Amino acid sequence: MRSDELIGVQDKLPPHEVLRLLCVATGRQSVELQLGVELTPDQVAVFESLVARRLGNEPLQYIEGSVPFGSVEVAVDPRVLIPRPETEYLFELVVTMVSEPLVIVDLCTGSGNLALALKARFPNAAVYASDVSRDAISVARSNAEGAGFEINVAHGNLFDPIPQTVKGRVDLLVSNPPYLAEREYSDLPPDVRREPRDALVAGAVGDEVVRRIGEQIGDWMAPGGVVGIEVSEFHAWSVVDYFTDIGGTVLQDLTGRDRYVIGRLPFE
Ligand SMILES: C[S@@+](CC[C@H](N)C(=O)[O-])C[C@H]1O[C@@H](n2cnc3c(N)ncnc32)[C@H](O)[C@@H]1O
């Protein structure tokens, strides 16, 4: 069977998903597949098994096995949250605010997407990342190794595993913490509920983790240091009060939602 015919007849998934699954099944580029190449029976069988997985609500990115983020490709699997475009936008925002940061911290690192993209952008910086999930730590370490980057990935609660020697010296701190309230979880689409619950839900209110970051952040930042945190649009203006010491304000994502707490410490 030809790939273009197969794309035409598969109507249970959106065309872009069909094409991406066909790329996985064949190892070919999407443009070749759209133009039409002959597929082996084995390739068709693999493709059909991938379609069945996707129709069973397995996230597309877990099936593909990786996502691009900044200039890096990050492996993802059900042990970690799939990095989102909103988080990539946070990355783009903060890199415009710093020139040559020497110390970077990424709290709640998950797959290590922010830490790795920042290390790629600022190779001379020492990058420290933490996560409370041992599974996430394994994925982030493996991603760092795969990219050939030396970053310090440590297991623990927020700042707890970050070395004390870094206190007062952080030039750039980023985080995409969990920020959903417990009650929001059951309304999530079924494929999002395949991602780790603890990566999504922060507690009864949803602002529990970001508040803890805000309470501790002043001790860690260097003069002139930049902070960028992804938050829920429902908490942005309430949690920003926890970041006033570091000049925090709220910025919007590309769709106009209040999604980031951004701040810069005075240079003294
Ligand atoms: C929303 S995910 C973000 C993952 C990744 N940074 C990204 O942008 O895709 C939140 C991550 O925070 C971790 N986490 C939750 N509570 C934490 C805590 N108290 N300290 C450190 N990490 C935490 C979860 O395990 C999860 O990996």
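Thresholds applied
Residues numbered from 1 in each chain as written. Predicted model: local features only at pLDDT ≥ 70, side-chain atom pairs only at ≥ 80, totals over all residues. Heavy atoms only, no water. Pairing = 2+ DSSP bridges. Helix = DSSP H or I, 4+ residues; strand = E, 2+ residues; numbered from the N terminus. Axes fitted to C-alpha atoms, helices over the stretch in contact; angles between N-to-C directions. Contact = heavy atoms within 4.5 Å. Phe/Tyr/Trp six-rings, centres within 6.5 Å; stacked < 30°, edge-to-face > 60°. Buried < 20%, exposed > 50% of the residue type's maximum accessible area, 1.4 Å probe, protein only. Lys NZ or Arg CZ within 6 Å of the ring centre and 35° of its normal.

Peer 1: Residues and numbers for the sheet that holds strand β3 (residues 103-107), please.
Peer 2: Spatially, seven strands are ordered β5-β4-β3-β6-β9-β11-β10 in an open sheet, and the strand pairing comes out mixed. Only two strands of the sheet have a single neighbouring strand rather than two, namely β5 (152-155) and β10 (249-252). Neighbour-to-neighbour, the strand axes of this sheet turn through a mean angle of 20°, independent of strand direction. With five bridges connecting them, strand β9 (residues 221-230) and strand β11 (residues 258-264) associate as antiparallel partners. Across the sheet, the residue bridging to Val-227 is Gly-263, located in β11. Strands β6 (170-175), β9, β10 and β11 of the sheet are contacted by helix α6 (residues 85-95), whose axis makes an angle of about 25° with β11. The strands touched by helix α11 (residues 208-217) are β3, β6 and β9; relative to β9, the strand with the most contacts, the crossing angle is about 175°.

Peer 1: Can you break down the packing of aromatic side chains residue by residue, with the values?
Peer 2: According to the stated counting rule, one finds three aromatic pairs in the structure shown. Measuring from ring centre to ring centre gives 6.2 Å for Phe-69 and Phe-91, while their planes differ by 50°; the resulting arrangement is tilted. One end of the pair, Phe-69, is in strand β1 (residues 66-69); the other, Phe-91, is in helix α6, with 22 residues separating them in the sequence. For the pair Phe-69 and Phe-91, one class covers both residues: buried. Between Tyr-89 and Tyr-260, the aromatic rings sit 5.9 Å apart at their centres with planes inclined by 55°, giving tilted as the arrangement. On the criterion of sequence distance, the pair formed by Tyr-89 in helix α6 and Tyr-260 in strand β11 is long-range, its members being 171 residues apart. Note on Tyr-89: relative accessible area 21%, which makes it partly exposed. Tyr-260 sits in the buried class, given a relative accessible area of 0%. When the ring centre of Tyr-185 is taken as origin, the NZ or CZ atom of Arg-197, which lies over that ring, is 4.6 Å away.

Peer 1: Break down the pairing of strand β2 (residues 72-75) for me, citing the residues and quoting the values.
Peer 2: Alternating residues of β2 divide into Val-72 and Val-74, all buried, and Glu-73 and Ala-75, none buried. For β1 and β2, the ladder comprises four bridges, and the chain directions are antiparallel. The partner of Phe-69 across the bridge, within β2, is Val-72. In sequence, β1 turns back onto β2 through a hairpin of two residues, with Gly-70 there showing a positive phi of about 55°.

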